[in-house]
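Okay, here's what each chain looks like letter by letter:
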Amino acid sequence: MSCPGTAANACEPACRQGFTPTSLHKGYAYGISSSAEYALVTLKSNIETVAGDPAARTRHVWEVLRVFITLGLTSFGGPVAHIGYFRREFVERRRWLDDAAFGDLVGLCQFLPGPASSQVGFSIGLLRAGWLGGLAALCGFTLPSVLLLLAFAIVAPHLGGPIGNGVLHGLKLVAVAVVAQAVWDMARRLCPDTRRAGIALAALVVLALTTTVYAQLMVIGLGALLGLWLLRSRELTAPLPLPATIEFRISRASGAGALLLFCALLAGLPALQQFVGGRMLAIFDGFYRSGALVFGGGHVVLPLLQAQTVTTGWVSPNDFLAGYGAAQAVPGPLFTFAAYLGWLSGGPAHSVLGATLATMAIFLPGLLLVVAALPHWQALRQRASTAAMLAGVNAAVVGILASALYSPVWTSAVHGAADFAVAAVAFALLVRWKAPPLAVVAMCALAGATGLA
């Protein structure tokens, strides 16, 4: 069917994107002059329809859950790859939002602490089907990898003997290659000049000379202050062009409540732990603080989780690195590594409760911050001071991850020339040949099982 009337030429770009001529001319009747604007009007209309129709809301919730379970089973490759999967599914295929709106969501979630891909998924589910849609998106995307890592936690103690121990050692070498790749990629992207490289180096030195459990928090604060001082140049802090906005049904009061709850838990859980005690409360507190302080992507959570689980004696260094290696072989967000650690931290009597609390706690702060920020993001992202502080924090994150690459990753996995060779090959496969992470995991596990490493 061709576009009728004089508006045919104007409709042509949107027709190629899949909008029907009838719907487009409805858009022009409302004075809308572009397919992107019409897509947003259609999106807002769908939101209003869902909000007013319980049956439609229920259908959309199940739709969100089904789509995100599929993504949770197939999204390999880490948070950057997850964003690519999301764009293909929700922008190109389903057209739940347009490129500009999607980019705005990604920008918000990269700015906040927490698992960026899970926060983007939660926001898309929230946009599509309200609060239940957001929870459905989160559960669908995380549950497959949670179950796979719990299965590994159950099986790992029985992987004895030379072959089993070799496989576990191979998984530790996977961790070396993956963290090294993350440091390499993030340093190139987040430290492109001498000032930001200097901030990263300062963070690395502070972590090397400091043993306090609050070292990561100190470094993040240092990065923010140095960024505010050194990075307020016009190139870094020029206002970002605003894409077409999307409207979430979140009031400013709800956003303020989420921020208050985030701060209350961050400050109150350690105090409560001092008075009440108990392993389960300590697990929730430790994993909540880890999720609240993670800037820059999933791999940055490694030193925080190491401080909360290995340093406290809940998880052995060998089990920690083996689980981290296994986490590279499963789809979905890397933060589900918390389920594995929670299972071990809870002990034999409370393993299920420990895994549940750890998983909930590590995701909760990021979700609260998304809800708090959504009503204010458009204004916040335009401030020069925000851009400068974020640039400084991101540079400090590179130093945090580089410190983790040395200890515990390298010191616990590389014990000789053969180990170094396997880790180097794995790193080259990931960086130069863009090999799938699952293939690299299989290669390292095979090298360990056959005694090559």
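Since we're looking at a predicted model, the values are computed, not measured.

1. With respect to the overall build of the protein chain
- If you tally the helices and strands in the protein chain, you get 21 helices and 0 strands.
- Per-residue burial for the protein chain yields a buried fraction of 52% across its 453 residues.
- Partitioning the contacts of the protein chain with sequence separation of at least 6, the portion at a separation of at least 24 is 71%.
- In the form shown here, the protein chain has an accessible surface area of approximately 20,300 Å², with 66% of it arising from carbon and sulfur atoms.

2. Section: the nonpolar core
- Among the nonpolar cores identified, the biggest contains 139 residues, and Phe68, Phe90, Phe102, Phe287 and Phe320 are the most heavily contacted of them.
- If one sorts the elements of this core by residue count, helix 7 (residues 116–155) sits on top with 16 residues.
- When residues no more than four places from it in sequence are discounted, the contact partners of phenylalanine 287 are Leu305, Thr309, Ala338, Leu341, Gly342, Ala358, Ala361 and Ile362.

3. A few points about the side chain of serine 123
- Looking at where serine 123 falls in the secondary structure, it is placed in helix 7.
- In this view, serine 123 contacts Leu105, Cys109, Phe248 and Val370; residues no more than four positions away in its chain are not counted.

4. Overview of helix 21 (residues 437–449)
- In a regular helix each residue adds 1.5 Å, so 13 residues correspond to 18 Å; helix 21 covers 18 Å between its end C-alpha atoms and thus fits that length.
- Within the sequence span of helix 21, burial applies to Val440, Val441, Cys444, Ala445, Ala447 and Gly448. Considered in projection along helix 21, the buried side chains sweep an arc of 160° and stay on one side of the axis.
- Considering only its buried residues, helix 21 is in contact with helix 8 (161–190), helix 15 (317–327) and helix 20 (417–431).

5. Quick notes on a nonpolar patch on the surface
- A contiguous nonpolar surface patch, about 320 Å² in accessible area, is contributed by Leu201, Val205 and Leu209.
- Positionally, leucine 209 belongs in helix 9 (residues 194–209).

6. Topic: the confidence of the model for the protein chain
- Taken residue by residue, the protein chain gives an average pLDDT of 81. The fraction at 70 or more is 82%.
- Looking across the protein chain, the model is least confident in helix 2 (residues 21–29), with a mean pLDDT of 33, and most confident in helix 16 (residues 337–345), with 96.
- In this model residues 1–45 is a low-confidence stretch, pLDDT under 50, and it forms 45 contacts with partners more than four residues away in sequence or in other chains.
- Counting contacts from residues 237–244, a segment whose pLDDT is below 50, to residues more than four positions away or on other chains yields 18 contacts.

7. What about the packing of aromatic side chains?
- Scanning all chains against the criterion turns up 13 aromatic pairs.
- Relative to phenylalanine 420, the ring of tryptophan 410 lies with its centre 6.0 Å away and its plane at 65°, an arrangement referred to as edge-to-face. Remark: phenylalanine 420 occurs in helix 20 and tryptophan 410 occurs in helix 19 (residues 384–413); sequence separation between them is 10 residues.
- Of the residues examined, phenylalanine 420 reaches a relative accessible area of 46% and is grouped as partly exposed.
- An aromatic cluster is present here, built from Phe68, Phe86, Phe90, Trp96 and Phe141 joined pairwise through their rings.

8. Examining the packing of helix 8 against helix 21
- Their axes nearest at 7 Å, the elements helix 8 and helix 21 cross at an angle of 140°. Comparing their axes, helix 21 and helix 8 come out oblique. The crossing of helix 8 and helix 21 is right-handed. Here Ile163, Gly166, Val167, Gly170, Leu171 and Val174 of helix 8 come into contact with helix 21, specifically with Val440, Val441, Cys444, Ala445, Gly448 and Ala449.

9. Let's talk about the side chain of glutamine 328
- Within the element layout of this structure, glutamine 328 appears in the loop between helix 15 and helix 16.
- For glutamine 328, the contacting residues outside a window of four places in its chain are Val174, Val178, His299, Leu334, Pro437 and Val441.

10. Describing unusual backbone geometry
- Unusually for a residue other than glycine, arginine 95 sits at a positive phi of about 55°.
- Summarising the element assignment, arginine 95 is placed in the loop between helix 5 (79–93) and helix 6 (99–111).
- Even without a glycine there, the phi angle at lysine 434 is positive, about 50°.
- Within the secondary structure layout, lysine 434 lies in the loop between helix 20 and helix 21.

11. Quick notes on the packing of helix 20 against helix 21
- Helix 21 packs onto helix 20 with a crossing angle of 165° between their chain directions and a minimal axis gap of 10 Å. The angle between helix 20 and helix 21 falls in the class roughly antiparallel. Where helix 20 crosses over helix 21, the handedness of that crossing is right-handed. Between helix 20 and helix 21, the residues in contact are Val422, Val425, Ala426, Leu429 and Leu430 and Pro437, Val440, Met443, Cys444 and Ala447, respectively.
- Classifying every residue of the contact of helix 20 with helix 21 gives 10 nonpolar, no polar and no charged.

12. Quick word on the pattern of salt bridges
- Counted according to the given criterion, the structure contains 7 salt bridges.
- Overlapping salt bridges bring together Glu63, Glu89, Arg93, Arg94 and Arg128 as one network.

13. Some points on helix 15
- Extensive coverage of helix 15 is indicated by the burial of 8 of its 11 residues.
- Every buried residue of helix 15 is accounted for by Phe320, Leu321, Ala322, Gly323, Tyr324, Gly325, Ala326 and Ala327.

Cut-offs and rules
- Residues numbered from 1 in each chain as written.
- Predicted model: local features only at pLDDT ≥ 70, side-chain atom pairs only at ≥ 80, totals over all residues.
- Heavy atoms only, no water.
- Helix = DSSP H or I, 4+ residues; strand = E, 2+ residues; numbered from the N terminus.
- Buried < 20%, exposed > 50% of the residue type's maximum accessible area, 1.4 Å probe, protein only.
- Contact = heavy atoms within 4.5 Å.
- Areas by Shrake-Rupley, 256 points an atom, 1.4 Å probe, with all protein chains shown as cover.
- Core = buried A, V, L, I, M, F, W, Y, C linked by side-chain atoms within 4.5 Å.
- Expected span 1.5 Å × (residues − 1).
- Arc of directions from axis to C-beta.
- Patch = residues over 30% accessible without salt bridge, like charges linked within 9 Å, V, L, I, M, F, W, Y side chains within 5 Å.
- Salt bridge = Lys/Arg side-chain N within 4 Å of Asp/Glu carboxyl O.
- pLDDT = per-residue confidence, 0-100.
- Phe/Tyr/Trp six-rings, centres within 6.5 Å; stacked < 30°, edge-to-face > 60°.
- Axes fitted to C-alpha atoms, helices over the stretch in contact; angles between N-to-C directions.
- Parallel < 35°, antiparallel > 145°, perpendicular 65-115°, else oblique.
- Left-handed = near helix turned anticlockwise from the far one by under 90°.
- Nonpolar A, V, L, I, M, F, W, Y, C, P; charged D, E, K, R; others polar.

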